[in-house]
Amino acid sequence: MSQIRSVRRLATAAVAAALACASLAACTSGSSGSGSSSSSSSSSGSANKTVKKGLTVYFIPKDTQNPYEVLADKGGQKALGELGGKVVVSSGTQDTAAAQIPSVQSAIQAHADAIVVAANDPKALCPSLNQAAKQGAAIVAFDSDLECGSSPTHLFINQADTKSIGTSEVDLLAKQIGSKGDIAVLSAAASATNQNSWIKYMKVQLKKYPNMKLVKTVYGNDDPATSLTVLQGLLTAYPNLKGIISPTTVGISTAAQYLDTHKDVASKVTLTGLGLPSQMRKYVKDGTVQSFELWNPSDLGYLAGYAAASLASKVTTMTPGAKFKAGRLGQYTVAGPAATPSVVLGPPTVFDKKNIDKFKF
Ligand code: RAM
């Protein structure tokens, strides 16, 4: 997994989490000519090249109902709008690769210029994506990476340094529980690359805390009902649990809501993880949750949109060192290792009572 230098700080963007698309919906948006002219270009020896207008980029989120993914897709729509292209958002309603494959097929049929995908499984989408790439589509993964082979098959837009996310989650919880006690992870889909990479680094970091023990990882599939069921199972099976890390916005908001209405449990169990400030504000303010982290999902989608359009226009490449401009976020450089060329949005922000009101996403 890619551990690259981070380049940008988060910017705050006020975006309402509207759940726009239905099951396997294809929600088209973008612009023909709105915003500034499409003059995004590389500064690494291809200054005359500009992003083509009229590009069609398919955004395939993990699912169409997760507010986090909706915000990320809206960021992509903003980017393509600025570049005079359009985004088609298409996926299923469950976090499985099977639900995403029809969307890749639709992109192929539509001769999409690029596909931006949040992979529900590292490998299962590869045959369809390879087919799309053969047809000339630029492939970008964001949020959750792909593993489609040793030669570079795609560019990964990483939200933040993978190792730092896992490490900092453990450190945040350790601080709150005095580095002591049984802890658990409430994750998303068991096959999600991002979740599993972060959990891997959590386990490494836990070696520094000999009195903290990870007793169980449960999977809520980024579905609120499933997340609640596995959370309740966890609390029943481990009555002495001291802490939960939920590195998913769906998991942490479900758990926070549960703790908020079960004060007896909340007095014993500390919750942290990755959450949307808009969903977590209430629980931070009433003391149910002390602190948690995230980056700006809309910026992530915006960056991925610029990356996809730049690759599709051959303004940049997947070669480490290649550069491209990402609108208001500035310039980014592709980093190695060569098998997973990637770009990192920037370090996450820790939210607590003091700063949460500043963040609207
Ligand atoms: C959830 C998804 C997503 C993850 C965020 C933090 O919404 O699992 O993939 O990056 O949380």
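Just above, that's the structure.
Residues numbered from 1 in each chain as written. Predicted model: local features only at pLDDT ≥ 70, side-chain atom pairs only at ≥ 80, totals over all residues.

Caption draft 1: Representation of the packing of helix H7 (residues 249–261) against helix H9 (residues 277–285) in the model. For the pair H7 and H9, the least separation of the axes is 10 Å and the interaxial angle reads 25°. In terms of axis orientation, H7 runs roughly parallel to H9. Seen from above, H7 lies across H9 with left-handed handedness. Contacts between H7 and H9 involve Thr249, Ile252, Ser253, Ala256 and Asp260 from the first element and Gln279, Met280 and Tyr283 from the second. A per-class count over the contact of H7 with H9 returns 4 nonpolar, 3 polar and 1 charged. (Axes fitted to C-alpha atoms, helices over the stretch in contact; angles between N-to-C directions. Helix = DSSP H or I, 4+ residues; strand = E, 2+ residues; numbered from the N terminus. Parallel < 35°, antiparallel > 145°, perpendicular 65-115°, else oblique. Left-handed = near helix turned anticlockwise from the far one by under 90°. Contact = placed C-beta atoms within 7 Å. Nonpolar A, V, L, I, M, F, W, Y, C, P; charged D, E, K, R; others polar.)

Caption draft 2: Structural context of the environment of proline 348. As for its placement among the helices and strands, proline 348 is situated in the loop between strand S14 (342–344) and strand S15 (349–351). Of the residues examined, proline 348 has 21 C-beta atoms within 10 Å and is grouped as buried. (Buried ≥ 20, exposed ≤ 12 C-beta atoms within 10 Å, placed from the backbone.)

Caption draft 3: Region of the structure containing the nonpolar core. Membership of the largest hydrophobic core comes to 107 residues, with the highest contact counts inside it found for Ala114, Ile115, Val140 and Leu303. A per-element tally of this core places helix H10 (residues 297–312) first, with 10 residues. Residues lining this core come from more than one domain, with at least three contributed by each of domain 1 (56–158 + 297–345) and domain 2 (162–294). (Core = buried A, V, L, I, M, F, W, Y, C linked by C-beta atoms within 7 Å. Domains from an automatic or database assignment.)

Caption draft 4: Structural view of the packing of helix H4 (residues 162–177) against helix H5 (residues 193–206). Running from N to C, H4 and H5 cross one another at 55°; their axes reach a closest spacing of 7 Å. As judged from the angle between their axes, H4 and H5 are oblique. As for how H4 packs across H5, the hand of that crossing is right-handed. Here H4 contributes Thr162, Lys163, Ile165, Gly166, Thr167, Glu169, Val170 and Asp171 to the contact with H5, which in turn contributes Ser197, Trp198, Ile199, Lys200, Tyr201, Met202, Gln205 and Leu206. Here the residues of the contact of H4 with H5 sort into 7 nonpolar, 5 polar and 4 charged.

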